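Now for the letters of each chain:
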Amino acid sequence: MSAALPALDAVAVVVVRGGELPPGADESAAEAGAAALLVGDGTEGARARLSSARTVWTVEARLPDAGVLAEVLAPLLARVHTVLLPASSDGRDLAPRLAVALDRPLLAGAVSVAGQGAEVLRHDGRQLVELAATGPFVATLLPGVRGAEPADGDPVTYRIEARWPDAPGGTHTLGTVAPEAGDTPLPEASRVLGAGAGLGGGTAVALLAGVGRILGASVGATRAVTDQGLLPHDRQIGTTGVVVDPDLYLAFGISGAAQHVGGLGSPRHVVSVNTDPHCPMTAMADLGIVADAPAVLAELARRLEAPHD
Ligand SMILES: Cc1cc2nc3c(=O)[nH]c(=O)nc-3n(C[C@H](O)[C@H](O)[C@H](O)COP(=O)(O)OP(=O)(O)OC[C@H]3O[C@@H](n4cnc5c(N)ncnc54)[C@H](O)[C@@H]3O)c2cc1C
């Protein structure tokens, strides 16, 4: 490995798999002052899709284990003050290892960073805490919170050659198994089905999970549902839950309280199934279906499972 990055205020480190950018890549690059280091396979295609960077470094290589990757990237990043990673699966995996390899603190789960530290969400998202750093640091940025503005023109691109050492301890990655679309962590899901109090009891929630698997959608919920124990707390979307940023949000029996909508990011398409045509969820939807949510879900399940109808 050669050609370290110059002394920069910040750079976004983005792990690329099969040319795909992880969620939050553009937001991290924008937050890092439009500078990004892309590492993985298919970085050229990923670079073309990264719209918010003006300067990009690419390391095209089959990804090694996160520990090896951190050891190799650390010298490249030694002169960068703030190393920012999207809080995607790979970003969360790599960030602590990079922090150790660089001997820096890690400020995890940030919603914004500045030279002196980061604002992070704590106490189930109810409190915004300012963390001050006394020197260079590594941080992860929550996807779906900041948004990203596109940069003008094509980015200046520098390619860095990579050669990984053998993994310490003889560990090798045999392969990476992508999750079933329905099991994708909520912050990374491109389709989300939301369960609200209007969906009724556990049978309908279980059916929603089945429909989610067919549609390749992850299942989220309102606090009214998680408080009843119908779905675990990590499925709660909102200001005291997870933040999502899907292309499609399909809300079943959800009123659209501010604390719920606050975790929705900017979904491209919203469908609301609700008996109340005037509820906030339906008001913000592209398509409002004024009907009984369990009945609509049952019909959807029937149609999806009977493709020869
Ligand atoms: C500090 C704080 C933090 C919070 N954090 C969160 C959070 O992170 N996430 C979150 O979701 N909430 C959060 N809440 C709770 C939030 O304020 C709402 O109470 C909650 O989102 C409401 O959930 P809901 O839409 O499922 O239920 P409701 O508000 O009770 O709405 C149910 C909806 O279902 C409709 N409905 C009823 N029957 C049917 C039917 N048969 N078919 C179709 N529609 C039907 C109703 O018209 C209604 O619109 C928080 C509250 C506080 C005070």
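Residues numbered from 1 in each chain as written. Predicted model: local features only at pLDDT ≥ 70, side-chain atom pairs only at ≥ 80, totals over all residues. Heavy atoms only, no water.

1. Side note on the sheet that holds strand β8 (residues 137–141)
Heads up, the condition is: Only when DSSP finds a minimum of two bridges between them are two strands counted as paired. Only DSSP runs of H or I with at least four residues qualify as helices, and only runs of E with at least two residues qualify as strands; both kinds are numbered from the N terminus onward. For helices, the fitted line uses only the C-alpha atoms of the stretch in contact; every axis is such a line through C-alpha atoms, and the angle between N-to-C directions lies from 0 to 180 degrees. Two residues qualify as a contact provided that any one of their heavy atoms is within 4.5 Å of a heavy atom in the partner residue.
Ordered by their spatial adjacency, 9 strands build an open sheet running β7-β6-β5-β8-β4-β1-β2-β3-β9, and the pairing between neighbours is mixed. Each end of this open sheet is capped by a strand with a single partner; those strands are β7 (127–132) and β9 (156–160). For this sheet, the mean angle separating the axes of adjacent strands, direction not counted, is 35°. Here strand β6 (residues 117–122) runs beside β7; their pairing, made up of 6 bridges, is antiparallel. Paired with Leu121 across the strands is Leu128, a residue of β7. In the packing of helix α3 (residues 66–76) onto the sheet, the strands contacted are β1 (8–16), β2 (35–40), β3 (55–60) and β9, and the crossing angle to β2 comes to about 150°. In the packing of helix α4 (residues 89–102) onto the sheet, contacts are made with β1, β4 (80–86), β5 (106–114) and β8, and the angle to β4 comes to roughly 155°.

2. Quick look at α3
Basically, it comes down to this: In this scheme, a residue with accessible area under 20% of its type's maximum is buried, one over 50% is exposed, and one in between is partly exposed, where area comes from a 1.4 Å probe on protein chains only.
Burial runs high along α3: 8 of the 11 residues are buried. Every buried residue of α3 is listed here: Ala66, Val68, Leu69, Ala70, Val72, Leu73, Ala74 and Leu76. Buried positions along α3 lie against β1, β2, β3, α4 and β9.

3. Focus on the site of the ligand
How we decide: Here a residue counts as near a molecule or strand whenever at least one of its heavy atoms sits within 4 Å of it. Polar contacts, as used here, are pairs of N or O atoms within 3.5 Å; protein pairs need one atom able to donate a hydrogen and one able to accept it. Residues neighboring in sequence count only if both atoms are side-chain atoms. Areas reported as accessible are Shrake-Rupley estimates using a 1.4 Å probe. Residue values count occlusion only from the protein chains shown.
Around the ligand, the structure places 24 residues, and the nearest of them are Ala197, Thr222, Thr240, Ser255 and Asp292. Within the backbone of Ile237, one N or O atom sits 2.8 Å away from a nitrogen atom of the ligand. A distance of 3.1 Å separates an oxygen atom of the ligand from a polar atom in the backbone of Gly253. Contact with the protein chains covers 70% of the free accessible surface of the ligand, which is 990 Å².

4. Focus: helix α9 (residues 293–305)
How we decide: Here a helix's expected span is defined as the number of its residues, less one, multiplied by 1.5 Å.
Taking 1.5 Å as the rise per residue, α9 with 13 residues should run 18 Å; its terminal C-alpha atoms sit 18 Å apart, in good agreement. Of the surrounding elements, those touching the buried residues of α9 are α5 (202–215), β12 (248–252) and β13 (269–273). Where α9 begins, one side-chain oxygen reaches toward the backbone nitrogen of Ala295, 3.2 Å away; that side chain belongs to Asp292.

5. A few points about the packing of α5 against α9
To keep things clear, this is the line we draw: Helix crossings get a hand from a simple test, with the near helix turned counterclockwise from the far one by less than a right angle marking a left-handed crossing and a clockwise turn marking a right-handed one.
Two elements in contact, α5 and α9, have axes separated by 10 Å at closest approach and are oriented at 40°. The handedness of the crossing between α5 and α9 comes out as left-handed. Counting all contacts with α5, which are made through Ala204, Leu207, Leu208, Val211, Ile214 and Leu215, the residues of α9 involved are Leu297, Ala298, Leu300, Ala301, Leu304 and Glu305.

6. Regarding the side chain of Glu27
Rules: Asp and Glu count as negative and Lys and Arg as positive, but His and the ends of the chain are not part of the count. Salt bridge criterion: a side-chain nitrogen from Lys or Arg within 4 Å of a carboxyl oxygen from Asp or Glu.
Mapped onto the fold, Glu27 is located in helix α1 (residues 25–31). One buried charged residue, Glu27, forms no salt bridge at all, with the nearest opposite charge on Arg146 at 6.8 Å. Polar contacts involving the side chain of Glu27 include one to the main-chain amide nitrogen of Gly147, which spans 2.8 Å. When near neighbours in sequence (up to four residues on either side) are disregarded, Glu27 contacts Leu141, Pro143, Gly144, Val145, Arg146, Gly147 and Ala148.

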